[in-house]
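Structural overview
As a plain string of letters, each chain reads:
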Amino acid sequence: IFSFCQTVEHGFPHQPSALGYSPFLRLMAIGTRSGAIKLYGAPGVEFMGLHEENNTVMQIHFIPDQCQLVTLLDDNSLHRWSLKQHGGASELREEHRFTLKGPPGSPPSAMQITAVLPHSSREVLYLGTESGNIFVVELPSFRVLEDRTITSEAVLQRVPEDYCNRRSCELVEALLEHPKNPDQILIGYSRGLIFLWDLQNNKVTHLFLGTQQLENLYWQRDGSKFVSCHYDGSYTQWPVSSDNRQPQPLENLVPYGPFPCKAISKIYWQTTKNGLPYIIFQGGMPRASYGDRHSISVVHGSQQTAFDFTSRVIDFFIIFSSEPTAEFDDPSAMVVLAEEELVVIDLKTAGWPAVHPPYLASLHCSAITCSHHVSNIPLKLWERIISAGSKQNIHYSNMPWPIDGGTSIAPDPPQRDLLLTGHEDGTVRFWDASGVCLHLLYKLSTVRVFLTDADPNDNMNTLGEDEWPPLRKVGTFDPYSDDPRLGIQKIYLCKYSGYLAVAGTAGQVLVMELNDEDAEHVVDHAEADLLQDQEGYRWKGHEKLKTRDGPVRFEAGFQPFVLVQCQPPAVVTSLALHSEWKLVAFGTSHGFGLFDHQQKRLVFVKCTLHPSDQLALEGPLSRVKSLKKSLRQSFRRIRRSRVSSRKRRGGSGNASEVQEANAKFDQDMLQEMELAPVQRKIEARSAEDSFTGFVRTLYFADTFLRDSSRHCPSLWAGTNGGTVYAFCLCVPPAERRMDEPVRAEQAKEIQLMHRAPVVGILVLDGRSTPLPEPLEVAHDLSKSPDMQGSHQLLVVSEEQFKVFTLPKVSSKLKLKLTALEGCRVRKVTVANFSSCKTDDYSENDLAVLTNLGDIQIISLPFLKLQIRYPCIRKEDVSGIASCVFTKYGQGFYLISPSEFERFSLSTKWLVEPRCIVDMPEVTSNNHVHTKSGTENAARKSRSSGGCGEDERKSGRLMEHALLNDEKVLKEIQSTLEGGR
Amino acid sequence: QFGAEFRRFSLDRYKPGKFEDFYKLILHIHHIANLEVMIGYADVHGDLLPINNDDNFFKAVSSAHPLLRVFIQRQDEVDYSNFGTNTLSRKKKALVTLRNDNLRRRPHINISMPHDFRPVSSIIDVDILPETHRRVRLYRHGCEKPLGFYIRDGTSVRVTPHGLEKVPGIFISRMVPGGLAESTGLLAVNDEVLEVNGIEVAGKTLDQVTDMMIANSHNLIITVKPANQRNNIIRSSRMSGSSGQSTDSTTSHHSLPTSHVLQNFHPDEMESDEEADIVIEGGLEPQHIPKLHSLTSSSLPRINGSSLSHRLQRDLVLNNSSGRESNGNIHKLLSSLKTDPRHSLVIPRGGIEEDGTVITL
């Protein structure tokens, strides 16, 4: 009934470093700096592999006409991967690895591979190196064929004396096979020298004396010409004919001259039926004024657009007709891998619109601040959300997704699931999380309700028609938030009523309703003073957001109708919505309140502050000092560890030297420890601790709060100081709902003696089943709760699980976690697990994520630990903080700012990619137009600095090498967000 | 049956005089000259402590602010276990009762009886641990004294099948002056922490161990390997009995092997020591303890951490009905008086009534 597996990664790979494409398989491959390789084809077709070395993937090359690919890592190792069918589905496996070794004594850099050419014969790989030599290795064995090595000396003999004083050729920049004649390869050296090599006779047939530093080469389809692009922002066309063995360039052009330009690092020259070629090149912008742009320009006749990307371009490729018999390239789409997103441009439709990708969505186009999962969305709501979303996507191309290799054989998702992510810029994104492809359905912005410094109409696309270069912004990645107060902190969606509550950083709580039409209306505005006139405190944090007066125009979709602003405007730390009672509850570090969104009236507020808690009162600013200190400390720690690790590396030599170095290292470590031991204070929690009033959880329940004969609506709140408040609510019946006020009075206050933060509250009915969600029973989706038997209250603190009887709150059962295991509860949800064998059996358990990254399943109502799985590394603070569980035993957590890992705890509900990649029939003429261009743009843009000192970890845990500094930043962020 | 009376009288704070005189005065005031009584007082923390010699009498008087609450019980009704930490916290009395039976057979020495003092720490399980280890139990009472120590990462040397090996360990790195840990004298900087409440710390991170200790802070039992091995208990000695050291006492109690059994660590006992949660009923429903509620929820926590009032509430809610009569009464009386320890003691005008489960003032 339980089984843990990590099924699929959603989102965009963190720190991509290489891109490859197989026109034969119609699959795309992306490599990352942490050594992961991911293959994508048709929606649902995806594969993932991980190099054991965790090194940066520099280049990816598919072997022509085969289900195989070769990757080059930054440690100069080559890896051969293949897709093989196994048990009905294809799997990606690493089959062979190889490191090119030079003769003894030669410098290792000489063997550094700079260019890779898989030959269309599928038998050999040509490897260009830094020394200028080209080695030939046999496939699939990776045996070096030494007699076929092309040495730079052999080449230089043909070079005329006067050419660049016959300098050494330097590194091999590009290796290309002749499109029509597999016996000829084109070799480009970084100094500008290019020659055509005849493999049969082992000699140079043509020599092209370039004068500019070479960046890349591209063959034209018929093999009569090729283009070279250069460091100075120029490109050159060269003719290849049998009569001229040392031709002069046909054309040399600096597209964005005459002022100095940046390098053009890659170029495509694509022929079309109408004769006008598509010239597509990366970079080449004027250095002074546009040198900071990440651009790819497309030129087709008089049309020219410089697509301006939001982040560095890693690499790109063009999808064109790969039929060997076709006369023209006829490019259909351009696929660009930028550092933070994937952009696909439709080249067939006028205006070159972007194509909406079905996967690889940039989850982090603005930093994710929270997420919320809703299972089993009713069809009606689903359709309404999709229709609202489709109105937002009109500017996208209608082109079907061009990368369509493989077939997904995964069963259709059993239900419709939504994942909602809240972002720093005040938006909420609705993702289709039912299947393998996390797909954006709809985007909601809360910005319009508020007055912010930046005018939303201030669009980036205001460039005039005659603007040169003709830049056009593409992509959605926009990490710069105008106002951090807009950030979304809590989301609650009622799937039956379509009510959505969203709460943010500056104490704002918005209640919204789904409307299929555009509308203009006034948002009702209320203020909740959580301090209740306590004297003598000053909020030193940010101000509350200013609201827009008068009616505001909202597009179709979720439209806010009520805004509650907490005072002081501290970040909202908990939120609950009861759509049946039409109530919304919210809590901050100061207290909590209840708002009636039907009558638009504040029902009550309760201050939970301890008077001595100055920190909470003054707001985040007063914490800056300690933050600075901790920052300084962590940087010092990083620096220290770097210094010592460098020392360690320095001591390479004979054994005694190593030993000495080690001893010294140990000593250093000891000294370090003595100087600044990391120590922890052992102190019991007391009421005076900071942030005890911080409201961690809110819960609505219809239960027996006061006596065992009458049940009533109630609101429960749990704080950081281990206090639970219970309020008895009096909600008028529906027919008098507008006439009588909702009343609330405090009925109980429970102080847990261990004072640990309360992270979850739950009421179990007479059958020990958790109470259903509001409206669940009304929609016949759940049995009505048992109100005959006695109810029980489950309070989950970070340290313990405790069951109490109701209405007399006496302790019945408990499970101590921290006292026994030293771990603390970070996330807890009730999940329904059903057996995969018998259909009718299912049970409710608690799914718990601890601060060590373990997942535990704890039975209800007896609180027995069922099973435990290691899931997230305990150092991965942001991963643990971002975890959400679904109601059916799955979950998501961020493995990087841009990727969700999906996992499953249930044997029954499993969403994972299952797909087949069949070998398309190989044409008898085994010369297929292969993908051109070596992906050395990636190498060009290699940035310095490794991925930190990764501790290698075995097992299924994937190593996501976050930079140390980034970790620190995460920590800071989580502190600022109030330790969520 | 309840048999409580109240008298208010004054003493010279700076010249309290001798215990003998005070004893006589008490007997005189209460007209009980012919009875053997035990005199106790409520200290600042609300615990019942005895007055039976000049020293603790002086201490009692000097700590009174401004009133000293003195409790007088017939000597034969006194349950010594109720002094000190046990005053309020026992739910399961089985063990305690057992011990009391044993104790009664022995004549009490008035001055150095262990039960006259509040245990703050003890060495336990001496018989089952290796001599190089020490298992220390820290009692946190209502007292607001911090546990007061820090731990750090370090390396320790272990004997393994492969010879000596360095392994990571957790060590005590710092003592807070005046903290509970320091005042016991049983823990010291650089002691290696081996277990926390019976769970080995090997393989756990500093943060995990920190969390475990804090989660067990109400009854923390740490097994350490002291850095200084010279003060270890010698097993062969008859003095192996565990003994409490006291903050108040300068006398050593090693000579009394009385409470050996009791002090041993029993999981069951640990449970019983656990403090229960407090439930405060609110709203307009009929109140069980209306006055207390208002006191607790408003004024008290603001003054002095809410621990005292919490204990009080807990006792009232849990209805410790199994307690022996006189002692139970004393507790309740004490509890009720304790609600406002900093302020002048207000003696309830209407006396005290007991309705069987809760008391109403």
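As the structure is a prediction and not an experimental result, all values here were calculated from the model.

1. As for the sheet that holds strand 1 (residues 37–42) of chain B
Residue and element names in this part refer to chain B. Read from one edge to the other, the open sheet built from three strands follows the order 2-1-3, with strand pairing classed as antiparallel. Two strands in the sheet have a free side with no partner beyond their single neighbour: strand 2 (48–51) and strand 3 (70–74). Between one strand axis and the next, the sheet turns by 35° as a mean value, whatever way the strands run. Taken strand by strand, helix 1 (residues 19–29) contacts strand 1, strand 2 and strand 3, and its axis lies near 100° from that of strand 1.

2. What to know about the state of the cysteines
All names here are of chain A. Considering all chains together, one arrives at zero disulfides over all chains under this definition. Unpaired in this structure, C730 has its nearest cysteine sulfur neighbour in C728, at a distance of 8.1 Å. Free of any disulfide, C883 has its nearest neighbouring cysteine sulfur in C871, separated by 6.4 Å.

3. Things to note about the sheet that holds strand 64 (residues 899–906) of chain A
Residue and element names in this part refer to chain A. Taken in spatial order, the four strands line up as 1-64-63-62 in an open sheet, and their pairing is antiparallel. The sheet is open, and its two edges are formed by strand 1 (2–11) and strand 62 (884–885), each paired on a single side. Looking at chain direction, strand 63 (residues 890–896) and strand 64 are connected through six bridges and run antiparallel. When the bridges of strand 64 are listed, L894 appears paired with F900.

4. Considering the UniProt feature "domain: Lethal giant larvae homologue" (unreviewed entry) in chain A
The feature "domain: Lethal giant larvae homologue" (unreviewed entry), as given by UniProt, occupies residues 254–353 of chain A in the numbering adopted here. Span residues 254–353 of chain A is 4% helix and 45% strand, its end C-alpha atoms 26 Å apart.

5. What to know about the nonpolar core
Residue and element names in this part refer to chain A. Grouped together as the largest cluster of nonpolar side chains are 57 residues, with contacts concentrated most on M28, I280 and M334. Broken down by element, the residue count for this core peaks at six residues, all from strand 26 (residues 313–319). Excluding anything up to four places from it in sequence, M334 contacts I280, I296, V298, F307, F316, F317, I318, V343, V344, I345 and L347. Core analysis: the next-biggest nonpolar cluster, separate from the first, contains 39 residues, C712, V724, I750 and L817 among them.

6. Some details on the confidence of the model for chain A
Keep in mind that low pLDDT regions are not for reading the predicted coordinates in detail. All names here are of chain A. Chain-level pLDDT for chain A is 82 on average; 84% of the residues reach the 70-or-more range. Confidence over residues 621–627 falls short of pLDDT 50; this stretch has nine contacts with residues more than four positions distant or in other chains. Confidence over residues 922–965 falls short of pLDDT 50; this stretch has 111 contacts with residues more than four positions distant or in other chains.

7. Some words on the pairing of strand 33 (residues 427–432) of chain A
Residues and elements named next belong to chain A. Buried residues dominate strand 33, accounting for six of its six residues. Alternating positions in strand 33 separate into two faces, T427, R429 and W431 on one and V428, F430 and D432 on the other, with burial throughout. Inspection of the sheet shows strand 32 (residues 418–423) paired to strand 33 by five bridges, in the antiparallel sense. The partner of L418 across the bridge, within strand 33, is D432.

8. Overview of helix 2 (residues 54–63) of chain B
Think of an α-helix as turning once every 3.6 residues; residues three or four places apart then point the same way. Residues and elements named next belong to chain B. Listed as buried for helix 2 are N56, F57, A60 and V61. The arc that holds the buried residues of helix 2, viewed along the axis, is 140°, so those residues lie on one side. Contacts made by the buried residues of helix 2 are with helix 1, strand 1 and strand 2.

9. Some thoughts on the UniProt feature "repeat: WD" (unreviewed entry) in chain A
On the UniProt side, "repeat: WD" (unreviewed entry) is annotated at positions that read residues 414–432 of chain A here. Taken end to end, residues 414–432 of chain A is 0% helix and 63% strand, and its two terminal C-alpha atoms sit 13 Å from one another.

10. A look at the packing of aromatic side chains
All names here are of chain A. The final tally for this structure, using the stated rule, is 32 aromatic pairs over all chains. When the centroid spacing of 6.5 Å and the interplanar angle of 75° are considered together, the rings of Y235 and W269 count as edge-to-face. Pair noted here: Y235 is in strand 20 (residues 235–239) and W269 is in strand 22 (residues 264–270), with a separation of 34 residues, a long-range link. The two residues Y235 and W269 agree in class, both being buried. For the ring pair Y893 and F903, a centre distance of 5.9 Å and an interplane angle of 40° mean the geometry is tilted. With Y893 in strand 63 and F903 in strand 64, this residue pair connects regions lying 10 residues apart in the sequence. Y893 sits in the buried class, given a relative accessible area of 4%. F903 gets classed as buried once you look at its relative accessible area, which sits at 0%.

11. Quick word on the environment of S481(A)
All names here are of chain A. Checked against the element boundaries, S481 lands in the loop between strand 36 (471–473) and strand 37 (488–493). The exposure class assigned to S481 is partly exposed, which follows from its relative accessible area of 23%. A C-alpha to C-alpha distance of 4.9 Å links S481 and D425, two positions 56 residues apart in sequence. Discounting residues that sit within four places of it in the chain, S481 has contacts with E424 and D425.

12. Thoughts on the confidence of the model for chain B
Residues and elements named next belong to chain B. Counting all residues, the mean pLDDT for chain B is 60, and 47% of those residues have values of 70 or more. Looking over chain B, one finds the lowest element-wise mean pLDDT in strand 13 (residues 359–360), namely 28, and the highest in strand 8 (residues 192–196), namely 90. Confidence drops under a pLDDT of 50 for residues 84–116, and excluding neighbours within four residues, the segment shows 64 contacts in the predicted structure. Predicted confidence for residues 283–330 stays below pLDDT 50, and this span has 89 contacts to residues more than four positions away or in other chains. Reported confidences for the modelled complex are a pTM of 0.75 and an ipTM of 0.73.

13. Quick word on the pattern of salt bridges
Counted according to the given criterion, the structure contains 37 salt bridges over all chains. In this structure, the salt-bridge partner of R93(A) is E91(A), at a minimum N-O distance of 2.9 Å. For R93(A), a relative accessible area of 40% puts it in the partly exposed group. Here R293(A) makes a salt bridge to D292(A), at a shortest N to O gap of 4.0 Å. Note on R293(A): relative accessible area 32%, which makes it partly exposed. Through salt bridges with shared partners, a single ionic network connects R696(A), E798(A), E799(A), R824(A), R826(A) and D211(B).

How each quantity is defined
Residues numbered from 1 in each chain as written. Chains lettered and ligands numbered in written order. Predicted model: local features only at pLDDT ≥ 70, side-chain atom pairs only at ≥ 80, totals over all residues. Heavy atoms only, no water. Pairing = 2+ DSSP bridges. Helix = DSSP H or I, 4+ residues; strand = E, 2+ residues; numbered from the N terminus. Axes fitted to C-alpha atoms, helices over the stretch in contact; angles between N-to-C directions. Contact = heavy atoms within 4.5 Å. Disulfide = S-S within 2.5 Å. UniProt positions renumbered as here; feature names shortened; annotations may be inferred. Core = buried A, V, L, I, M, F, W, Y, C linked by side-chain atoms within 4.5 Å. Buried < 20%, exposed > 50% of the residue type's maximum accessible area, 1.4 Å probe, protein only. pLDDT = per-residue confidence, 0-100. Arc of directions from axis to C-beta. Phe/Tyr/Trp six-rings, centres within 6.5 Å; stacked < 30°, edge-to-face > 60°. Salt bridge = Lys/Arg side-chain N within 4 Å of Asp/Glu carboxyl O.

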